[in-house]
Structure formats: C-alpha cells, structure tokens
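Architecture at a glance
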Amino acid sequence: MIYMAVMGHGTVGSGVVEVIHTNKYQVEKNLGEQVCIKRILDLRDFDVPYADLFTKDFNDILEDDDISVVAEVMGGIHPAYEFTKSLLERGKSVCTSNKELVAAKGAELLQIAADHHVNYFFEASVGGGIPIIRPLHTCLAANRIEEIAGILNGTTNFILTKMIHDKMDFSDALKLAQELGYAERNPSADVDGHDACRKICILADLAYGKNVAPEAVHTEGISSISLRDVAYADAAGYSIKLIGRTKPEGEGLLCMVSPALLPKESPLAGINGVFNGILVRGNAIGDVMFYGQGAGKLATASAVVADMIDMAKSKDCVTSLSWVDDGKNYVVDYKTTRVAFYVRLQGKDLRNKIYRQFEKVTFIEHLREAEDEIAFITPVMVEKDFYARIAALSSHGVQLKNSIRVLDY
Ligand code: HSE
C-alpha cells in the first residue's frame, strides 16, 4: 500500500482526490500497488464524504512515516516552499502544480530532493494536463533545443479566443474564465503574463540547464489589446496570441512573454479556448507540438496524479531532472533582438510620416470606422531601432495606439 497526502484542496487539490477516487483501478494497475490518500491539508473546512482525512496541521503529514508521496497543490511560494523542503528532507517525494514555486526555487528543491534520495516532480506546473516536462527531459534528451515557443496560459488564450471569435468584451471573458476555474486567484498573474513567464522560465531551465529568474524575463500581458487590434490582425491574416518563448541568443538566452500576431496558418494560431500549445524545436527531431488543456481541475489533476504514481514507482530511483542556479543572469536584452511589429497609429498625414521613418511597411486594410487611424506591419528590425522610430513619429504629433510583435512559427 502506498500512502499519499495532498496539501491544498482548491481547484487542483480537489481534482487530485477526484481522479484518484474515480480512476482508482487504472492508478493501482499502473502502479502495481494499492494507494491510499491518508491526509489532506487545508485550513478551510469542507463538507465532503472524505472530511475525516482533513488536517490543519502540516506536522500530521511530515511526521507520518507511512506517507511517502505528497502532492503540493497549494500554490504561492510561502509556506509551500518551507513545507516542500521539510518533506524532501524527511525523505518523502513531492510533486506539484505550483509553477511560481518551481520557477523561483526549483533548482534548490531538486538539489535537496537528490541529496535525500527522493524525487521532486512538477509535470503539472507547465501546460496543465499536457505532458511536456517529461518529454523535454527524456524523449527529447538527444536534441539540442533550438527554440521553445508556446501558448502557456489557458485563461488569456480563453479571453483572446472569446474576443476574436465572439467579439466578447475583455472583462466578461475574464469573468467566465474565473467561473470555469481556469484563472489564478489573482487574475493579474494571468492577464499581465506572469503565469506564462513562470512557465517559460521552467522550460528554459530544463532545456538549457541554467536558472532563468522570472524577474529577468521581459513580460507583457494582454490588457492593452483591443477589439480594434483583433480586427486589424484578422484583416491581415493573423491571430493574436500570448506567446512565451526562449532560445539561445549569442552567449545567453532570449526569454520573454508578449502578445504576438501569428499567421493564421501557424499551428499555434489555431489553438483556441483554454487549450495550450507548446512548440519545441530540436536540432535532430525538428518541430514537435504539444497540445491539450492547459488549465482546469481534472486536466491539471491528471498530471499531478501521474507524478504521484511515478514517484511511488521510483522509490529507489532519483531522476536526473535538474538545472544549476549559479546566481548569473543569462537572459539577453530583448531590445537587441530582431523582430517585426504590427503598429496602430492615430494622427494626421500618417502615410507620409510613416514613410519617413520606415522605408517599407505593409499597410493593413482600413477599418471603416477609423478615419484618423492606420495600421501596418514593419519589416524585421532590431527592437531598439523600432522604438527610436516610434519616438520620432510621436514627436511629429502621431499617437501610438498599440504595437505588437509579429512572429512566424
Ligand atoms: N491560470 C493558469 C492558466 C492555470 O490559466 O493557464 C494553469 O496553470
């Protein structure tokens, strides 16, 4: 019998209990042993049939020698970090969906796990139910990873899809995502790109073996995107998506999160609703796409429970999952990299002014209701140069309404 514990009984935690209960036969068949959830840690009271399993005292899990496998699905850094550290030091394996903690403290927790001959797994921390951590670490281990680009946040993809397909207002779409249990407790983590940032950091950590701190990663969210931008992008043959991307750049790494116009025929452009898609480019395999539900109770619980099974199976086998935090920042200045921009401007005599700053642009068909507005796509250029040209236009009375990178995956 494998005794397990679950820390946190929110959306994901209750999903973990449900999946283990509903799929008990499959779980035990895959594991080759019976499983028992012995404890659930949460400070709240729940009226559920398994209410007798709840405790408010972390020590009930830490000091129970029967419990060898723990799922931390509390979220946030504190006290999840302290709890995880203590459990690993006590010789218990821990898995998590907590991307904030893995992005901030993953290198340290993996080292503590290795030192104590146990595992720290985090398949659910990126892409919800999509297998990506294990494939990146094992199935693609023979490759040099040339690039990773993905739609990593289900809530923002849900909102953008509602804006694009249903012309739904931003705040109504966010409210719906919250009701469906996709959003973070603080929706700013989704909308402002921080959640996607943590996830691309974890993928960069794994792919390149170096610690990428979320604070070092340029992060833009989707709140500046209007239905006007959506309409211009559509007219030009693009969809707007929030993209996290990383790749080697010179001696360092490009790692950033921002909205992007993607050609409609791009595989990432076709990913709608709460689904996530992650494109991994390896030098031997070429492009591989991972696709599935990136958020939600049971999808995320599916990945957590798979980790619990794997940890129970790997009792005497510590995986080589790790990266090094040497305190250095490997992230290059994104403004020195080259990219094309979609630009929307307002003002007078716009075409002449634009031609003076950009030798060659592609204008987008005019929207009928926007007389003093123009939208176009620039050639690929160094970002710094782009900002200098926009500043010059501003000094000639032109107002920048929005600019969004154009990517070609
Ligand atoms: N709020 C996250 C999202 C949950 O929308 O993707 C899954 O990490």
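As the structure is a prediction and not an experimental result, all values here were calculated from the model. Numbering of residues starts from 1 in every chain and runs along the sequence as written. Local features in a predicted model are, by the rule used here, given only for residues with pLDDT of at least 70; side-chain atom pairs are given and counted only at 80 or more, and totals for whole chains, interfaces and linings are based on all residues. Computation of side-chain values: all heavy atoms of the structure, hydrogens and water removed.

1. Quick notes on the UniProt feature "binding site: NADPH" (unreviewed entry) in the protein
According to UniProt, the positions carrying the feature "binding site: NADPH" (unreviewed entry) are Lys-99. Helix and strand labels come from DSSP, where a helix needs a run of H or I of at least four residues and a strand needs a run of E of at least two; each type is numbered from the N terminus. Note on placement: Lys-99 falls in helix 5 (residues 99–115). UniProt positions are given in the numbering used here, feature names are shortened, and annotations may be inferred rather than shown by experiment.

2. Description of the layout of surface pockets
Cavity: a set of points on a 1 Å grid over the protein atoms alone where a 1.4 Å probe fits but cannot get out. Pocket: an open set with protein on both sides within 12 Å along at least five of seven lines, its lining residues, like those of a cavity, having an atom within 4 Å of a point. Grid points are joined across faces, edges and corners, and a volume is the space filled by probe spheres set on the points. Of the voids in this model, the largest pocket is the one considered here, and its volume is about 1100 Å³. Of all the secondary structure elements, the ones that give two or more residues to the lining of the largest pocket are helix 1 (11–22), helix 5, helix 7 (154–166), helix 9 (188–191), helix 10 (194–208) and helix 12 (297–313). Three classes are used, and their members are as follows: Ala, Val, Leu, Ile, Met, Phe, Trp, Tyr, Cys and Pro are nonpolar, Asp, Glu, Lys and Arg are charged, and the others, Gly among them, are polar. A class-by-class count of the residues in the lining of the largest pocket yields 13 nonpolar, 23 polar and twelve charged. Around the second largest pocket, the lining comprises 14 residues; the ones closest to its centre are Arg-338, Val-339, Val-406, Leu-407 and Asp-408. By residue class, the composition of the lining of the second largest pocket is seven nonpolar, one polar and six charged.

3. Some remarks on helix 1
Across its twelve residues, helix 1 extends 16 Å between first and last C-alpha, which sits within 8% of the 16 Å expected from 1.5 Å per residue. Only heavy atoms matter for contacts: two residues are in contact if any of them lie within 4.5 Å across the pair. Of the surrounding secondary structure, the elements contacted by the buried residues of helix 1 are strand 1 (2–7), helix 2 (24–31), strand 2 (35–41) and helix 12. The span you would expect from a helix comes to 1.5 Å times its residue count less one.

4. Notes on the pairing of strand 4 (residues 67–72)
A simple rule labels every residue: compare its accessible area, found with a 1.4 Å probe on the protein chains alone, to the largest value its type can have, and call it buried under 20%, exposed over 50%, or partly exposed in between. Judged by how many residues are buried, strand 4 sits mostly within the fold: five of six residues are covered. Two strands form a pair only when DSSP identifies at least two bridges running between them. Pairing geometry for strand 1 and strand 4, over five bridges, is parallel. Paired with Met-7 across the two strands is Glu-72, which belongs to strand 4. Pairing analysis gives four bridges linking strand 4 to strand 5 (residues 93–96), with the strands arranged parallel. Bridge pairing links Val-70 to Val-94 in strand 5. Read from strand 4 through helix 4 (residues 80–89) to strand 5, the crossover connection turns out right-handed. Here, the term right-handed applies to a crossover whose path from the first strand over the helix to the second runs clockwise when the strands point away from the viewer.

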